[in-house]
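Spelled out from the first residue to the last, the chains are:
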Amino acid sequence: MNYAIRHDKISGDWMVFNVGESFELESMHKCKSTASSHVKYLEEKAKKRARYIRPQTMVAA
């Protein structure tokens, strides 16, 4: 999982962070359910992108 949800007690917002390669704020939501659905969307998007990114292999001549 590359994303984490945290609750800010001061503002009452639910924050979605990208914790994969760097720790950065992706989005803020008023309720936990919308934050969770946004994380699911981001995970599916990352999964689709990973299908097309493959390391190049050495090709014998």
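No experiment lies behind these values; they were computed from the predicted model shown.

(A) Representation of the packing of aromatic side chains. Per the counting criterion, the structure on display carries one aromatic pair. Seen from their ring centres, phenylalanine 17 and phenylalanine 23 are 4.7 Å apart, and the 15° between their planes marks the pair as stacked. Residue classification places phenylalanine 17 among the buried positions, given a relative accessible area of 12%. The exposure class assigned to phenylalanine 23 is exposed, which follows from its relative accessible area of 57%.

(B) Seen up close, the sheet that holds strand β2 (residues 14-18). The strand order across the open sheet formed by three strands is β1-β2-β3, and the pairing between neighbours is antiparallel. Looking at which strands have only one partner, the edges of the open sheet turn out to be β1 (3-7) and β3 (24-29). Pairs of neighbouring strands in the sheet enclose a mean axial angle of 25°, with direction left out of account. By the bridge criterion, five bridges tie β1 to β2 in an arrangement that is antiparallel. Looking at β2, one finds that isoleucine 5 is bridged to valine 16. Against the sheet, helix α1 (residues 32-52) contacts β1, β2 and β3, and its axis sits at roughly 165° relative to β1.

(C) Expanded view of the nonpolar core. Counting residues in each nonpolar core, the largest one holds six residues, listed as Tyr3, Trp14, Val16, Ala35, Val39 and Leu42. Only β2 and α1 provide two or more residues apiece to this core. Element by element, the count of residues in this core is highest for α1, at three residues. Residues in contact with tryptophan 14, not counting those within four places in the same chain, are Ile5, Arg6, His7, Ser27, Met28, His29, Lys30, Cys31, Lys32 and Ala35.

(D) The pattern of salt bridges, seen in detail. For the coordinates displayed, the defined rule picks out two salt bridges. Its salt-bridge partner being lysine 30, residue aspartate 13 comes within 3.0 Å of it at the nearest N-O pair. On the criterion of sequence distance, the pair formed by aspartate 13 in the loop between β1 and β2 and lysine 30 in the loop between β3 and α1 is long-range, its members being 17 residues apart. Judged by its relative accessible area of 67%, lysine 30 falls in the exposed class.

(E) Spatial organisation of the side chain of histidine 29. Structurally, histidine 29 can be placed in strand β3. Within the local environment of histidine 29, its side chain forms a polar contact with the side chain of serine 27, the two groups lying 2.8 Å apart. For histidine 29, the contacting residues outside a window of four places in its chain are Asp13, Trp14, Val16, Thr34, Ala35 and His38.

Cut-off values and rules
Residues numbered from 1 in each chain as written. Predicted model: local features only at pLDDT ≥ 70, side-chain atom pairs only at ≥ 80, totals over all residues. Heavy atoms only, no water. Phe/Tyr/Trp six-rings, centres within 6.5 Å; stacked < 30°, edge-to-face > 60°. Buried < 20%, exposed > 50% of the residue type's maximum accessible area, 1.4 Å probe, protein only. Pairing = 2+ DSSP bridges. Helix = DSSP H or I, 4+ residues; strand = E, 2+ residues; numbered from the N terminus. Axes fitted to C-alpha atoms, helices over the stretch in contact; angles between N-to-C directions. Contact = heavy atoms within 4.5 Å. Core = buried A, V, L, I, M, F, W, Y, C linked by side-chain atoms within 4.5 Å. Salt bridge = Lys/Arg side-chain N within 4 Å of Asp/Glu carboxyl O. Polar contact = N/O pair within 3.5 Å; in protein donor to acceptor, adjacent residues only side chain to side chain.

Don't take any of this as a statement about function, it's just geometry.
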